[in-house]
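Remarks on the overall topology
Now for the letters of each chain:
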Amino acid sequence: MKAVTCQGGVLDVADVPDPEPARGQVLLDVLACGICGSDLHARHHCDDMAQDAAESGYDAFMRSDESVVMGHEFCGEVVDHGPRTRRRFKPGTPVVAMPLLRNAGGVHTTGLSTLAPGAYAEQVVVQDALTFAVPNGLDPHAAALTEPMAVALHAVRRGQVGKRQVAFVIGCGPIGLAVIAMLKATGVRTVVASDFSAGRRALATTVGADVVVDPAVESPYTCFEGRFITAAGLFELAVGTMEKLRAVPMLPWSKVMQAAEAAGANPSGPVVFECVGVPGIIGQIVAAAPLYSRVVVVGVCMGADQLRPAIAINKEIDLRFVLGYTPREFHDALQLLGEGTVDPTPLITGTVGLGGVDAAFTALGDPEQHAKILVVPRSDATTVS
């Protein structure tokens, strides 16, 4: 079959062996596969990514001297089942699958390992237990974005954003846009999006951002000055509160304060989603964000970052990092797409055939033109349409 291989940073269309489903696996004809930011990183930085993965406990990530078929955001049609599968899906059923494959005595990351070839190809093998039927006639191009939408849903849930809290999304690339969409889908009332690109700010509005900011002009946090407490305000609150409570000698001030805290009277800050993945951004967010902010790092930074712990300490910043999603979150993301609660189609700014994948990688370098480009193996297009 035809597939796009990556080796040494070079993308080529090649003839590769037809995949065969093993025990517990399903063979799919690929209908569409999204190009992920992780793919862009892996093309030129896979050795660094492999080293980081190995230090984290996974030692089969792709390396530059290996030929790998990438692609882990996909939708396909069922072709065949391997041995000892339940055959839950009839041939021709459109499905999506989590990009994990049991092979060679372990579980490997589809599209990012030689042991689990991905979906920049005419066909791909998936794990039956991690495969889900596409609901409600959802278009395969939209269904292919289940995976990045699941990443966004996981980030939103890790952020524990209250409906009345303000959520700031810093960076409106594909993952930032997905986070905005999921924040609105889960009922968050106020979402502020920040990006230097006018094109991406427009997309942020389209997917539901309530306020959109150009950080070259103003800080996103100035939109809500006065809503969040400052250090000086915190000190005044402490002294003023105790003065009022002490003014009533018979009042059990500690019990009153305990009851107020239990009712949620403690000062709180916003939730900030870092969706840029460029060195220095985390430190910038910690320095600029209001007191008591919860910072959720979603962007994948391939370089070293710097952080001034004293600033984070003074503000009591809560810093969280996220990766991937659970099977439940993948399923929930698919249902949100199938029900129409989340519309991922504004993110899709182009499609291309296997012969145009290299051109698509280049095109994605222009944030004014593209957010998400889909690879459609059945297409002959060699330029992004």
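Residues numbered from 1 in each chain as written. Predicted model: local features only at pLDDT ≥ 70, side-chain atom pairs only at ≥ 80, totals over all residues. Heavy atoms only, no water.

**Some remarks on the environment of tyrosine 221**
Just so we agree on the cut-off: Strands here are runs of E lasting at least two residues and helices are runs of H or I lasting at least four, both read from the DSSP assignment and numbered beginning at the N terminus. What makes two residues a contact is simply this: any of their non-hydrogen atoms within 4.5 Å.
With respect to the secondary-structure elements, tyrosine 221 resides in the loop between β13 (211-213) and α6 (231-246). In sequence terms tyrosine 221 and proline 290 are 69 residues apart; their C-alpha atoms lie 7.6 Å from each other. Sequence-distant contacts of tyrosine 221, defined by excluding residues within four places in its chain, comprise Phe168, Ile170, Val272, Ile285, Ala288, Ala289 and Pro290.

**Side note on a nonpolar patch on the surface**
Let me state the cut-off plainly: Residues qualify for a patch when their relative accessible area is over 30% and they have no salt bridge, like charges being joined within 9 Å and the nonpolar side chains of Val, Leu, Ile, Met, Phe, Trp and Tyr within 5 Å. For accessible areas, the Shrake-Rupley method is used with a probe of radius 1.4 Å. Any residue's cover is judged against the shown protein chains and nothing else. For this analysis, a salt bridge means a side-chain nitrogen from Lys or Arg found within 4 Å of a carboxyl oxygen belonging to Asp or Glu.
On the surface, a cluster of nonpolar side chains totalling about 190 Å² of accessible area is made up of Val248, Leu251 and Val256. Examined against the element boundaries, valine 248 turns out to sit in the loop between α6 and α7 (253-262).

**Structural notes on the sheet that holds strand β12 (residues 190-194)**
For clarity, the cut-off: When DSSP finds two or more bridges between a pair of strands, those strands are recorded as paired. Only the contacting stretch of a helix is used when fitting its axis, a line to C-alpha atoms as for every element, and angles between N-to-C directions run 0 to 180 degrees.
Spatially, six strands are ordered β13-β12-β11-β14-β15-β16 in an open sheet, and the strand pairing comes out parallel. Each having just a single partner strand, β13 and β16 (318-321) make up the two edges of the open sheet. Strand-to-strand, the axes of this sheet are offset by a mean angle of 20 degrees, without reference to chain direction. With four bridges joining them, strand β15 (residues 294-297) and β16 adopt parallel strand pairing. Within the sheet, the bridge partner assigned to valine 295 lies in β16 and is leucine 319. Contacting β14 (271-274), β15 and β16, helix α3 (residues 146-159) crosses the sheet at an angle of about 145 degrees to β14.

**Overview of a negative patch on the surface**
The line we're drawing: In this tally Asp and Glu are treated as negative and Lys and Arg as positive; neither His nor the chain ends contributes. Taken as the charge location is NZ of Lys, CZ of Arg, CG of Asp or CD of Glu. For every residue, the accessible area (1.4 Å probe, protein chains only) is compared with the maximum for its type, and the residue is labelled buried under 20%, exposed over 50%, or partly exposed between those bounds.
A cluster of acidic residues, Asp47, Asp48, Asp52, Glu55 and Asp65, forms a negative patch at the surface. Position of aspartate 48 among the secondary structure elements: in helix α1 (residues 37-56). For aspartate 48, a relative accessible area of 44% corresponds to the partly exposed category.

**A few points about the environment of arginine 87**
Here arginine 87 shows up in the loop between β5 (73-81) and β6 (94-97). Between the C-alpha atoms of arginine 87 and lysine 315, which are 228 residues apart in sequence, the distance is 54 Å. If near-sequence neighbours (up to four positions away) are discounted, arginine 87 is found in contact with Asp80, His81 and Gly82.

**Comments concerning the domain arrangement of the protein**
Interfaces are often described in size by the accessible area the parts lose on coming together. Note the cut-off: As annotated, the domain borders come from an automatic or database domain assignment. Buried area is a sum: the accessible area each of two parts loses on coming together, probed at 1.4 Å, counted once for each and added. Polar contacts here mean pairs of N or O atoms no more than 3.5 Å apart (in protein, one a potential hydrogen donor and the other a potential acceptor; neighbouring residues in sequence count only if both atoms are side-chain atoms).
Each assigned domain of the protein is listed with its residue range as follows: domain 1 (2-133 + 344-375), domain 2 (148-228 + 267-321) and domain 3 (231-263). In this complex, domain 1 contributes 15 residues to the contact, which on the side of domain 2 involves 14 residues. Carbon and sulfur atoms supply 72% of the area buried between domain 1 and domain 2, which totals about 1,200 Å² over both sides. In this structure, the connection of domain 1 to domain 2 is made through zero salt bridges. Where domain 1 meets domain 2, there are five residue pairs in polar contact (both at pLDDT 80 or more). Residue contributions to the side of domain 1 that touches domain 2 peak at five residues, all from α1.

**Things to note about the UniProt feature "domain: Alcohol dehydrogenase-like N-terminal" (unreviewed entry) in the protein**
Under the convention used in this document: UniProt positions are given in the numbering used here, feature names are shortened, and annotations may be inferred rather than shown by experiment.
Per the UniProt record, "domain: Alcohol dehydrogenase-like N-terminal" (unreviewed entry) is annotated on residues 23-135. Taken as a whole, residues 23-135 contains 18% helix and 36% strand, while its terminal C-alpha atoms sit 26 Å from one another.

**Observations concerning the nonpolar core**
The tendency in soluble globular proteins is for nonpolar side chains to be buried side by side. Cut-off, in case you're wondering: We call a set of buried residues a nonpolar core when its members are Ala, Val, Leu, Ile, Met, Phe, Trp, Tyr or Cys and they connect through side-chain atoms within 4.5 Å of each other.
Leu177, Ile180, Met182, Leu183 and Phe273 are the most contacted members of the largest nonpolar core, which totals 54 residues. With near-sequence residues (within four places) excluded, isoleucine 180 lies in contact with Val169, Cys172, Val191, Ala193, Ala204, Val207, Gly208 and Ala209. With 43 residues, the next largest nonpolar core counts Val30, Met70, Val95 and Tyr120 among its residues.

**Quick word on the side chain of histidine 81**
Following the sequence through the fold, histidine 81 ends up in strand β5. Here the side chain of histidine 81 touches phenylalanine 89 through a polar contact of 3.2 Å, landing on its backbone oxygen. Apart from the residues within four sequence positions on either side, histidine 81 is in contact with Pro21, Gln25, Val26, Arg87, Arg88 and Phe89.

**Section: the packing of α6 against α7**
In a pair of packed helices, the angle between the axes and the distance between the axes together describe the arrangement. Filter applied, for reference: To sort the angles, those under 35 degrees are grouped as roughly parallel, those over 145 as roughly antiparallel, those from 65 to 115 as roughly perpendicular, and the leftovers as oblique. Throughout, a crossing is termed right-handed when the near helix is turned clockwise from the far one, and left-handed when it is turned anticlockwise from it by less than a right angle. Following the grouping adopted for this structure description, the nonpolar residues are Ala, Val, Leu, Ile, Met, Phe, Trp, Tyr, Cys and Pro, the charged ones are Asp, Glu, Lys and Arg, and the polar ones are all others, Gly among them.
It is at 10 Å that the axes of α6 and α7 come closest, and there the two elements cross at 130 degrees. With respect to their mutual orientation, α6 and α7 come out oblique. Read as a crossing pair, α6 and α7 show a hand that is right-handed. In this structure, α6 contributes Thr241, Met242, Leu245 and Arg246 to the contact, and α7 contributes Trp253, Val256 and Met257. Its residues placed into classes, the contact of α6 with α7 shows five nonpolar, one polar and one charged.

**Concerning the pattern of salt bridges**
Applying the stated criterion to the full structure yields 12 salt bridges. Linking glutamate 73 and lysine 372 is a salt bridge whose minimum nitrogen-to-oxygen distance equals 2.9 Å. A residue pair is termed long-range when its members are at least 10 positions apart, and glutamate 73 in strand β5 and lysine 372 in strand β18 (residues 372-375) qualify at 299 residues. An identical accessibility class is assigned to glutamate 73 and lysine 372; each is buried. One salt bridge connects aspartate 210 with lysine 184, and the closest N-O pair in it is separated by 2.9 Å.

**Section: α3**
The line we're drawing: A helix's residues, less one, multiplied by 1.5 Å, set its expected span.
Spanning 14 residues, α3 covers 20 Å between terminal C-alpha atoms, matching the ideal 20 Å at 1.5 Å per step. Counting buried positions along α3 yields 12 of 14 residues, so the element is predominantly enclosed. Turning to α3, its buried residues number three or more, namely Thr146, Glu147, Pro148, Met149, Ala150, Val151, Ala152, Leu153, His154, Ala155, Val156 and Gly159. Looking at the residues trailing α3, positive phi occurs at glutamine 160, about 50 degrees.

**Some details on the packing of aromatic side chains**
Heads up, the rule is: Between 30 and 60 degrees the pair is tilted, below 30 it is stacked and above 60 it is edge-to-face, where a pair is any two Phe, Tyr or Trp rings, Trp via its six-membered ring, whose centres lie within 6.5 Å.
A full pass over the atoms with the stated rule returns six aromatic pairs. The interplanar angle of 85 degrees and the centroid separation of 6.4 Å between the aromatic rings of tyrosine 120 and phenylalanine 361 together place this pair among those described as edge-to-face. A residue pair is termed long-range when its members are at least 10 positions apart, and tyrosine 120 in the loop between β8 (106-109) and β9 (123-127) and phenylalanine 361 in helix α11 (residues 357-363) qualify at 241 residues. Of the two residues, tyrosine 120 and phenylalanine 361, both sit in the buried class. Site record: aromatic cluster; members linked through ring pairs are Phe168, Tyr221, Phe224 and Phe228.

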